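# Report on the structure
In case you want the letters, here they are:
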Amino acid sequence: MTSSRTIYAAGTPDRPVFFAAPQDDPTGIRAAPNSTNGSAVQSALSTPAFVDRIQVSWRGFIKKSKEVAQNNAGMLLIAGSQGFFSLMNVAVKTLNSLDPPVSAMELVFVRMFITWICCVSYMYITKVPDPILGPKGVRLLLCLRGFVGFFGLFGVYYSLQYLSLSDATVLTFLAPMGASVAAAFFLGESITWKQCGAGLCSLFGVILIARPASLFGRVAELPDVTLSDGTGNLVEDISLTPHVTQAQRLVAVGVALLGVLGATGAYTTIRAIGKRAHPLHNITYFSSLCVIVSTISMIVMRTEFILPLRLAWIAMLLMIGIFGFFAQTLLTMGLQREAVGRGTMAVYTQVVYAMTFDQIFFHSSPSVLSILGTLIIVCSAIYVAVTKENPGKHKRMQSQLPSVEDITLEDGLLANQEDRLDEDIELKGAPPHDGVHS
């Protein structure tokens, strides 16, 4: 008996859809046959949506930015410190416009005293061991850091009595190059030709901005920027120094070079101390010595101490101390994390901050040469930052390479296997294995 059955025409495919796709299907998914919307699904899967592409690109940009930031953390901290130094100098310049003006040594005393109070208070609150003397193993280096830092400060202030601000600025910015050489010689840090070239380009940018009278002549337009020296100490805004003899100028240049050596020693000793001491230990020693010497200098020279009776004075003095504290802290943290040769490249960004803040607060328009010098400094710093190789990449490559122990173990296992093969062949009466592998 035969029964007639009506076959149900199902819309499902008669073969799996997850096998290898043909060459004309870039998505790797074959559309189901007899499917009404198969072509639409294939079209949607073959080309990603515009929003998805934007999200993928944005995630890649964020990831790359984080890698660059982590790889250049030291330079970023030093660049941030130069911003605080420039803000401190804005307060110094504002304070100098008040009547009566505050002497330079009093500014040093106030700034370093506030810095010392902040350092010691923070370390006591956070229970940092040995907040005043520091760790026992590096106390000599900490003393050396404070000693050379003071000479960096002294060299700048003495030279400013007989040199213009532009001439003194160019001389003090020799410190980053000197620190690179000193770190390579004393600490064994590597310095590349790329870093040397970028440093020379940055120094050329500083010359274009400062336009020293020794190179451009007295008729050249002098900059109206307030800078600090190589160690981040404030510099008075002095443009011209009349009635200076040639002998006084030569002595001032020699003392300025002594200040460059002091700044070079400060950078090098901070790097030599590294993370063996808290960053505030470095600043405590430096501020302590500066407070002592500035106090003795004011007593010996009988400098009048201006009491801050006006509210504007108090505000500016507090800003000088607070900004100086943050600037020194970021500078020390950056030099602890970055080699001196690369880290000091970020010191040149202070010129960029100075020009920007002069435009914002004092409405001083930069010249064409100043803009060109700023671009040279920024491009040099960016070049040094992006050309640094990622240390994590080398670690991953080293982890992928077989170690000496692994190679020795592998050779031993192969030799053992070869000996067993020779024994088996000898037992079967065949000639021994000659050790040549196919």
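Residues numbered from 1 in each chain as written. Predicted model: local features only at pLDDT ≥ 70, side-chain atom pairs only at ≥ 80, totals over all residues. Heavy atoms only, no water.

Going by an unreviewed UniProt entry, the chain carries the name EamA domain-containing protein and comes from Phlebiopsis gigantea.

## Digging into the overall build of the chain
When helices and strands are tallied, the chain shows 17 helices and zero strands. Put simply, 83% of the contacts in the chain that link residues at least 6 apart link residues at least 24 apart. Accessible area of the chain: about 24900 Å², with a carbon and sulfur share of 67%. (Helix = DSSP H or I, 4+ residues; strand = E, 2+ residues; numbered from the N terminus. Contact = heavy atoms within 4.5 Å. Areas by Shrake-Rupley, 256 points an atom, 1.4 Å probe, with all protein chains shown as cover.)

## Quick word on the pattern of salt bridges
A full pass over the atoms with the stated rule returns three salt bridges. Among the salt bridges present, the one from Glu 189 reaches Arg 271, with a minimum N-O distance of 2.6 Å. Of this pair, Glu 189 sits in the loop between helix 7 (175-186) and helix 8 (193-210) while Arg 271 sits in helix 10 (residues 246-273), and the two are 82 residues apart along the sequence. Note on Arg 271: relative accessible area 23%, which makes it partly exposed. In this structure, Arg 342 and Glu 338 form a salt bridge, with 2.8 Å as the shortest nitrogen-oxygen distance. By relative accessible area, Glu 338 is classed as buried at 4%. (Salt bridge = Lys/Arg side-chain N within 4 Å of Asp/Glu carboxyl O. Buried < 20%, exposed > 50% of the residue type's maximum accessible area, 1.4 Å probe, protein only.)

## Some points on the packing of aromatic side chains
One pass over the full model with this rule turns up 13 aromatic pairs. Taking 6.4 Å as the distance between ring centres and 25° as the angle between the ring planes, the aromatic pair formed by Phe 150 and Phe 154 counts as stacked. Taken together, the residues Phe 150 and Phe 154, both in helix 5 (residues 139-159) and four residues apart, mark about one turn of the helix. Grouping aromatic residues by their ring pairs yields a cluster made of Phe 84, Phe 323, Phe 325 and Phe 326. For the cation-ring pair, Arg 145 lies above Phe 286, with the distance from its terminal atom to the ring centre recorded as 4.4 Å. (Phe/Tyr/Trp six-rings, centres within 6.5 Å; stacked < 30°, edge-to-face > 60°. Lys NZ or Arg CZ within 6 Å of the ring centre and 35° of its normal.)

## Here we look at the environment of Ser 380
As for its placement among the helices and strands, Ser 380 is situated in helix 15 (residues 368-386). Sequence separation of Ser 380 and Thr 349 is 31 residues, and the distance between their C-alpha atoms is 10.0 Å. Ignoring anything within four residues of it in the chain, the contact list for Ser 380 reads Ala 198, Cys 201, Ser 202 and Met 345.

## Brief notes about the nonpolar core
Counting 54 residues, the largest nonpolar core has Leu 95, Leu 107, Phe 173, Tyr 267, Ile 320 and Tyr 348 as the members making the most contacts within it. Counting residues in each nonpolar core, the second largest holds six residues, with Val 128, Leu 280, Ile 283 and Phe 325 among its members. (Core = buried A, V, L, I, M, F, W, Y, C linked by side-chain atoms within 4.5 Å.)

## Some points on helix 7
An ideal rise of 1.5 Å per residue puts 16 Å on 12 residues; helix 7 measures up with 16 Å between its terminal C-alpha atoms. For helix 7, the set of buried residues is Ala 175, Pro 176, Ala 179, Ser 180, Ala 182 and Ala 183. (Expected span 1.5 Å × (residues − 1).)

## Considering the packing of helix 5 against helix 11 (residues 279-300)
For the pair helix 5 and helix 11, interaxial distance at closest approach is 8 Å and the crossing angle is 50°. Classified by the interaxial angle, the pair formed by helix 5 and helix 11 is oblique. Between helix 5 and helix 11 lies a crossing of right-handed hand. Contact with helix 5, carried on its side by Arg 139, Leu 142, Cys 143, Arg 145, Gly 146, Phe 147, Gly 149, Phe 150 and Leu 153, involves His 281, Asn 282, Tyr 285, Phe 286, Leu 289, Cys 290 and Val 293 of helix 11 and no other residues of that element. When the residues that make up the contact of helix 5 with helix 11 are grouped by side-chain class, the tally is 10 nonpolar, four polar and two charged. (Axes fitted to C-alpha atoms, helices over the stretch in contact; angles between N-to-C directions. Parallel < 35°, antiparallel > 145°, perpendicular 65-115°, else oblique. Left-handed = near helix turned anticlockwise from the far one by under 90°. Nonpolar A, V, L, I, M, F, W, Y, C, P; charged D, E, K, R; others polar.)

## A look at a nonpolar patch on the surface
A surface patch of nonpolar side chains, about 350 Å² in accessible area, is lined by Leu 215, Phe 216, Leu 369 and Leu 372. If you list the elements that add at least two residues to the nonpolar patch, you get helix 9 (213-216) and helix 15. Considering the arrangement of structural elements, one finds Leu 372 in helix 15. (Patch = residues over 30% accessible without salt bridge, like charges linked within 9 Å, V, L, I, M, F, W, Y side chains within 5 Å.)

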